[in-house]
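Examination of the molecular architecture
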Amino acid sequence: MRIIPLCQSVVQFVIVRVYMSINIQQHIGDSLKTAFGSVLNIDPNEIDPVVRRAQNPEIADFQANGAMGLGKKHGHDPKELAEKIVAVVDFGTFADKPEVAGPGFINIRINNETITTLVEEMDCENLGVEPDRDTHAVAIDLCGVNVAKQLHVGHLRSTIIGDSIARMYERVGRTVYRENHLGDWGLPIAMVLEQLLSSGTNLDTLELNDLNTAYKNAQLVAKDELRGEKAAKNLQSGPHRFIEIEEQNASALEAQAAAKTVLNALQQGDKKLLADWQKLIDCTMGSVYKSLDLLHVKVGAENNRGESFYRDRLSGVVESFVSSGLGEEDGGAIVVRFKDRERPVLIQKSDGGFLYATTDLAAIRFRTNELKADRVIYVVDARQRDHFKDIFDAARLISWNQTPDGTEAELVHVPFGSVLGDDNKPLKTRSGSNVTLDSLLHEAIERGTSEVIKRSKEPNSPTSKMSDEELKTIGRQIGIGAIKYADLSNDLVRDYVFDMNRMVAFEGNTGPYIQYACARISSLIRKGGEQAGAKLVIEEPQERILALKLLQYNNVLHDSIKYLEPHRLCTWLYELTDAFSAFYQSCPVLKLEDELTKQSRLRLANLTRRVIVDGLDMLGIEAPEQM
Ligand code: ARG
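So, a few notes on the structure that sits alongside this text. No experiment lies behind these values; they were computed from the predicted model shown.

What follows concerns the pattern of salt bridges. All chains considered together, the criterion is met by 41 salt bridges. The residue Arg343 makes a salt bridge to Asp390 at a minimum N-O spacing of 2.8 Å. Placement of the pair is Arg343 in strand β9 (residues 341-348) and Asp390 in helix α14 (residues 385-397), with a sequence separation of 47 residues. Here Glu625 and Arg526 are joined by a salt bridge, their closest N and O atoms 3.9 Å apart. In this pair, Glu625 sits in the segment after α22 (595-618) while Arg526 sits in helix α18 (residues 511-528), placing the two residues 99 residues apart along the sequence. Here the salt bridges do not stand alone but share partners, grouping Asp340, Arg341, Arg343, Asp386, Lys389, Asp390, Asp393 and Arg396 into one network.

Written out as structure tokens, the structure is:
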């Protein structure tokens, strides 16, 4: 006797799992495809029933406009075709019989009971988010600061976007490696170190500014050589010509000789020099960590795996390419050539030195083979597009895009655009220098804080009794949330204008708008309770719209991950917030006399709040309970 109810509950559980993975719109579309297929006697897979959200939610939830085009194409009157579809289509429990409107539109209304059941199922700990079926790790290359240089706005974008993608993956159960591929090795660093040592700078009291100055001086020394290299690149000359030009710049190279000696000694493991080199890193990273802390990202010292980590693997990289016949000699250098383009990738210079590309090839090998990642994601400035195309293709040639179990690993560059100033040019300070990350963050925090303080002084403000310390915390959450949301809510590859006023506004498609709406729901719940066990009743048009929106959560999240587009999640959260506002405007809650409806609406509101908090968390944005 006991076994039966147990089985039933297992069956119920299985049905629920199937339900949760269903995208309502897709389900409607699939049922229509089958109907069109049978009426027109063609393969359902070739049919697009053109399902859209309906304009007027009072009439329908979805509208299918496919009968128009398909009728014309197959010689049917669209309206008659639509009538036939309506007669045969089977939506299961999702919708009742649809209706035909106008010249052949099919109006579909989702069944209230189905909506209620689905929302009830979603109202559990994981909010209906399904774990990813792929269990391999994911490696995300983010931040990528360079030692001896300040973090700039590009590193800000890489960190914010990379951390958000990492959070989304973690949310669906994947193991994520956030890889901070620091620029901490090679000639530029050796030049800085050489400059500092030869000028007698005390490395123990080093400040970032000293490092920046040394870096600039080192760049000046390298300028001549760089000019030569640039000319070679502009002429699209092969590496042979490139090397010749390098040699012509003998004087600049001479100036670098000392730095090369330093690099050599570092490479040989000179203890004293390595300790000095570490001081440069500590000095740079000390200031970087402060910014990362403010940014509320899960990136810290544990994520450092910079270029130096791969230094002993570089000759192995070149050997592998050479021994497999993929690396060939060209004027003393080693290059890898591709069938579809002239530009080869240089992996070893004629003087034996290795390059940025060589290190990145070692990193790909490490990430797929040792971290066992089957998706390696590079969140790097769009200007490095060619570099990534080259190293990904080179890795594929040598089959390094494979995890040890033979799974093909996807290597993806997520390029992002520049941050522009009011003048539509890359963001600069008034004096023309690059804007540092720190100055931006502090400005945003100040703006957030003054807004919170202003609001706390208004009568009946929920924050009126808060201490300065508490207000400051909220101000920081708002300021940082504003910057992050503005950064993530655009198509990543597009340049965007950094407009602080718009970012911190409490209205419009901004982080603070969503945070504020969420804080208002929190206050509603504080007054009315969570009502977790209440029976849901979803009937009113705005209730239905909110519920249908909530039900998209799992799909929106999985799509944001699949396409690596956090802006999908942003847009959806904004729409969800709007749907909640509309619901709250037209459906009274606390004032209601009918206790059951009140409880149901509180439960729906609380579910919405939890989803917003969860969604914001994946954008790395905190949700203050009061604002
Ligand atoms: N340090 C580089 C830069 O500032 C970014 C590193 C990107 N990551 C990589 N694996 N190449 O341009």
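Still more ground to cover, so stick around.
Under the definition given, this model contains 13 aromatic pairs. Relative to Phe583, the ring of Phe580 has its centre 5.5 Å away and its plane inclined at 55 degrees; by these criteria the two rings are tilted. Here Phe580 and its partner Phe583 are both found in helix α21 (residues 566-586), three residues apart, which amounts to about one turn of the helix. Neither Phe580 nor Phe583 differs from the other in exposure class; each is buried. The structure contains a cluster of three or more aromatic residues connected by ring pairs, namely Phe309, Tyr310 and Phe366. Against the face of Phe338 rests Arg341, its NZ or CZ located 4.1 Å from the ring centre. The ring of Tyr516 carries Arg455 above its face, with NZ or CZ at 5.2 Å from the centroid.

What follows concerns the packing of helix α20 (residues 553-562) against α21. It is the contact of α20 with α21, at a shortest axis distance of 7 Å, that shows an interaxial angle of 155 degrees. As summarised for this structure, α20 and α21 are arranged roughly antiparallel, according to the angle between their axes. Seen from above, α20 lies across α21 with right-handed handedness. The segment α20 lies against α21, with Tyr553, Val556, Asp559 and Ser560 engaging Arg568, Leu569 and Trp572. Broken down by class, the residue content of the contact of α20 with α21 amounts to four nonpolar, one polar and two charged.

Our next topic: the sheet that holds strand β5 (residues 137-141). In spatial order, the strands read β6-β5-β10-β11; together these four strands make up an open sheet with parallel pairing. Each having just a single partner strand, β6 (176-179) and β11 (410-416) make up the two edges of the open sheet. In this sheet, adjacent strand axes meet at a mean angle of 15 degrees when their direction is disregarded. The pairing of strand β10 (residues 373-381) with β11 spans seven bridges and is classified as parallel. Within β11, the position partnered with Val376 by the bridge is Leu411.

Next up on the list: unusual backbone geometry. Although it is not a glycine, Ala148 adopts a positive phi angle of roughly 80 degrees. Here Ala148 is to be found in the loop between β5 and α6 (153-171). Its identity is not glycine, yet Ser399 carries a phi of approximately 60 degrees, on the positive side. Among the residues examined, Ser399 registers a relative accessible area of 38% and is labelled partly exposed.

The biggest cluster of nonpolar side chains holds 144 residues, and the ones touching the most others in it are Leu32, Ile140, Leu280 and Ile377. With 11 residues, helix α11 (residues 271-295) is the single largest residue contributor to this core. Excluding residues that lie within four positions of it along the chain, Ile140 makes contacts with Gly162, Ile165, Ala166, Tyr169, Val176, Tyr177, Arg178, Glu179, Ile377 and Val379. Core analysis: the second largest hydrophobic core is formed by 30 residues, Val318, Ala363, Phe366 and Leu371 among them.

As a further point, take the site of the ligand. Neighbouring the ligand are Asp141, Gly144, Asn146, His155, His181, Tyr356, Asp360, Tyr378, Val380, Gln384 and Phe388. Within the side chain of Asp360, an N or O atom sits 2.7 Å from a nitrogen atom of the ligand. Starting from 350 Å² of accessible surface for the ligand in isolation, the protein chains cover 87%. Elements represented by at least two residues in the shell around the ligand include exactly α13 (356-370) and β10. Class assignment of the residues belonging to the shell around the ligand gives a composition of four nonpolar, five polar and two charged.

The rules behind the values
Residues numbered from 1 in each chain as written. Predicted model: local features only at pLDDT ≥ 70, side-chain atom pairs only at ≥ 80, totals over all residues. Heavy atoms only, no water. Salt bridge = Lys/Arg side-chain N within 4 Å of Asp/Glu carboxyl O. Helix = DSSP H or I, 4+ residues; strand = E, 2+ residues; numbered from the N terminus. Phe/Tyr/Trp six-rings, centres within 6.5 Å; stacked < 30°, edge-to-face > 60°. Buried < 20%, exposed > 50% of the residue type's maximum accessible area, 1.4 Å probe, protein only. Lys NZ or Arg CZ within 6 Å of the ring centre and 35° of its normal. Axes fitted to C-alpha atoms, helices over the stretch in contact; angles between N-to-C directions. Parallel < 35°, antiparallel > 145°, perpendicular 65-115°, else oblique. Left-handed = near helix turned anticlockwise from the far one by under 90°. Contact = heavy atoms within 4.5 Å. Nonpolar A, V, L, I, M, F, W, Y, C, P; charged D, E, K, R; others polar. Pairing = 2+ DSSP bridges. Core = buried A, V, L, I, M, F, W, Y, C linked by side-chain atoms within 4.5 Å. Near = heavy atom within 4 Å. Polar contact = N/O pair within 3.5 Å; in protein donor to acceptor, adjacent residues only side chain to side chain. Areas by Shrake-Rupley, 256 points an atom, 1.4 Å probe, with all protein chains shown as cover.

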